[in-house]
Amino acid sequence: MTDKLILELERRTGLPDDLRFLAEKYPRDEWQAHANIHGMANMWLQRHDMFRELGGILTGAISDYREGRTTAPGFAKFFAPRLNFFLGNLDGHHNVEDQHYFPVFARAEPRLKRGFEILDLDHHTIHDGLERNAETANAFLEALKQDADKQRFAADDYADANTRLVAMLDRHLADEEDLIIPLILERGDRGLGIG
Ligand SMILES: [Fe+2]
Ligand SMILES: [Fe+2]
């Protein structure tokens, strides 16, 4: 397998070793005890937790519907605004990272530059996943007006797209945190010019 394939978001199991030197120095379970966690680092983590939570809510909503715990109209009413919120906020979050933060971080620590390139590439992969998610979600919402078979197929399509998206997102969020949070702890918001 080539390096590029190993780094592909859906196959990756974590950051490559050569990008983990700060992550080794600042293990995840010690982050909250560090003084520099207060500020951007925790804002970042909270934002990511919101995306994780929303991803879980969307996944839960579709299983509730498929297992007969909600009606079609009840599901659609709950689901559509949350999906729109999720998709819109995620897109906005990625844009700020690509255009503002990643270039600042890569300049501050050139040894991690390739890591930010990987994350930037992830955003494109996730963007494609978001589009698939939105398409299958809309098809499903549309199918709610049709017969049970159409609804079931559309629900399966959406559930597949959603499962892939949530898995990609989980991987991306964890790797991004392993790259960024240790760097913020090492330099501080002021040192990086983001505070
Ligand atoms: Fe990101
Ligand atoms: Fe992020």
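These numbers come from a predicted model, not from an experiment.

K.L.:
Any chance you could explain the overall build of the chain here in plain terms?
P.N.:
Scanning the chain from N- to C-terminus turns up six helices and zero strands. The helix and strand sequence of the chain, counted from the amino end, reads α-α-α-α-α-α. Its C-alpha atoms give the chain principal-axis dimensions of roughly 60 × 40 × 30 Å. Looking at the chain residue by residue over its 195 residues, the buried ones come to 45%. The contacts in the chain between residues at least 6 apart in sequence include a share of 81% that link residues at least 24 apart. Working note: accessible area of the chain is about 10,300 Å², and carbon and sulfur atoms make up 53% of it.

K.L.:
For this particular structure, what's the right way to read the pattern of salt bridges?
P.N.:
Side chains that differ in sign of charge can pair as their charged atoms come close. Taken as a whole, this structure holds 21 salt bridges when the rule is applied. The salt bridge involving Asp18 is made with Arg114; its shortest N-O contact spans 3.1 Å. Placement of Asp18 in the loop between α1 (3–7) and α2 (21–25) and of Arg114 in helix α5 (residues 113–143) is noted, with a sequence separation of 96 residues between them. A relative accessible area of 29% means that Arg114 is categorised as partly exposed. Residues joined in a network through salt bridges with shared partners are Arg20, Glu24, Arg28, Asp49, Arg52, Glu177 and Asp178.

K.L.:
Can you walk me through the coordination of the iron ion (ligand 2) in this structure?
P.N.:
Note on the iron ion (ligand 2): its protein donors are His48 (NE2), His93 (NE2), Glu97 (OE) and Glu176 (OE). The metal-donor distances range over 2.0 to 2.2 Å. Mapped onto the sequence, the residues coordinating the iron ion (ligand 2) show the spacing H-x44-H-x3-E-x78-E. The metal-metal distance between the iron ion (ligand 2) and the iron ion (ligand 1) comes to 3.3 Å, with Glu97 coordinating both. Of this pair, Glu97 sits in helix α4 (residues 72–108) while Glu176 sits in helix α6 (residues 148–192), and the two are 79 residues apart along the sequence.

K.L.:
Explanation requested: the side chain of Asp189 in the structure shown.
P.N.:
Within the element layout of this structure, Asp189 appears in helix α6. Of the side chains with opposite charge, Arg190 lies nearest to the buried Asp189, which makes no salt bridge, at 8.5 Å. From its side chain, Asp189 meets the backbone nitrogen of Met40 in a polar contact 3.0 Å long. Excluding its chain neighbours within four sequence positions, the residues that come into contact with Asp189 are His38, Gly39, Met40, Ala41, Ile184, Ile194 and Gly195.

K.L.:
Whenever I open this one, the coordination of the iron ion (ligand 1) confuses me. Can you help?
P.N.:
Ideal geometry at a metal centre: 109.5 degrees between donors when four sit tetrahedrally, and 90 or 180 degrees when six sit octahedrally. In the first shell of the iron ion (ligand 1), the protein supplies Glu97 (OE), His123 (NE2), His172 (NE2) and Glu176 (OE), at 2.0 to 2.2 Å from the metal. Because the angles between the four donor atoms bound to the iron ion (ligand 1) fall within 84 to 172°, the donor set is best described as irregular. Here the donor residues of the iron ion (ligand 1) are spaced in sequence according to E-x25-H-x48-H-x3-E.

K.L.:
For this particular structure, what's the right way to read the layout of surface pockets?
P.N.:
Which parts of space are left empty comes out when a probe the size of a water molecule is rolled across the atoms. Here the second largest pocket is characterised by a volume of approximately 150 Å³. Taken together, Met40, Met43, Trp44, Arg47, Gly92, His93, Val96, Glu97 and Tyr101 form the lining of the second largest pocket. In terms of residue count, α4 provides more of the lining of the second largest pocket than any other element does, five residues in total. Taken together, the residues of the lining of the second largest pocket sort by class into five nonpolar, two polar and two charged.

K.L.:
What is the right way to look at the nonpolar core in this model?
P.N.:
In terms of nonpolar packing, the biggest core is built from 28 residues, with Phe105, Phe116, Ile181, Ile184 and Ile194 touching the most fellow members. Going through the elements one at a time, α3 (40–66), α4, α5 and α6 are the ones with two or more residues in this core. The leading source of residues in this core is α6, at seven residues. Listed in part, the 27 residues of the second largest apolar core include Leu9, Leu54, Phe79 and Tyr158.

K.L.:
When you look at α3 in this model, what are you seeing that I'm missing?
P.N.:
Since one α-helical turn is 3.6 residues long, residues separated by three or four positions face the same way. Across its 27 residues, α3 extends 39 Å between first and last C-alpha, which sits within 8% of the 39 Å expected from 1.5 Å per residue. Where α3 terminates, the next one or two residues include Gly68, which has phi positive at roughly 80°.

K.L.:
How do you make sense of the confidence of the model for the chain when you look at a structure like this?
P.N.:
Averaged over every residue, the pLDDT of the chain is 91; residues scoring 70 or more account for 97%. Mean pLDDT per element in the chain: α1 is the minimum at 58, and α2 is the maximum at 97.

What counts and how
Residues numbered from 1 in each chain as written. Chains lettered and ligands numbered in written order. Predicted model: local features only at pLDDT ≥ 70, side-chain atom pairs only at ≥ 80, totals over all residues. Heavy atoms only, no water. Helix = DSSP H or I, 4+ residues; strand = E, 2+ residues; numbered from the N terminus. Buried < 20%, exposed > 50% of the residue type's maximum accessible area, 1.4 Å probe, protein only. Contact = heavy atoms within 4.5 Å. Areas by Shrake-Rupley, 256 points an atom, 1.4 Å probe, with all protein chains shown as cover. Salt bridge = Lys/Arg side-chain N within 4 Å of Asp/Glu carboxyl O. Donors = N, O, S within 2.8 Å, 3.2 Å for Na, K, Ca; no water. Lys, Arg positive; Asp, Glu negative; His and termini not counted. Polar contact = N/O pair within 3.5 Å; in protein donor to acceptor, adjacent residues only side chain to side chain. Tetrahedral: all angles 85-135°; square planar, octahedral: opposite > 155°, others 65-115°. 1 Å grid on protein atoms, 1.4 Å probe; cavity = no way out; pocket = protein on both sides within 12 Å on 5 of 7 lines; lining within 4 Å. Points joined across faces, edges and corners; volume = space filled by probe spheres on them. Nonpolar A, V, L, I, M, F, W, Y, C, P; charged D, E, K, R; others polar. Core = buried A, V, L, I, M, F, W, Y, C linked by side-chain atoms within 4.5 Å. Expected span 1.5 Å × (residues − 1). pLDDT = per-residue confidence, 0-100.

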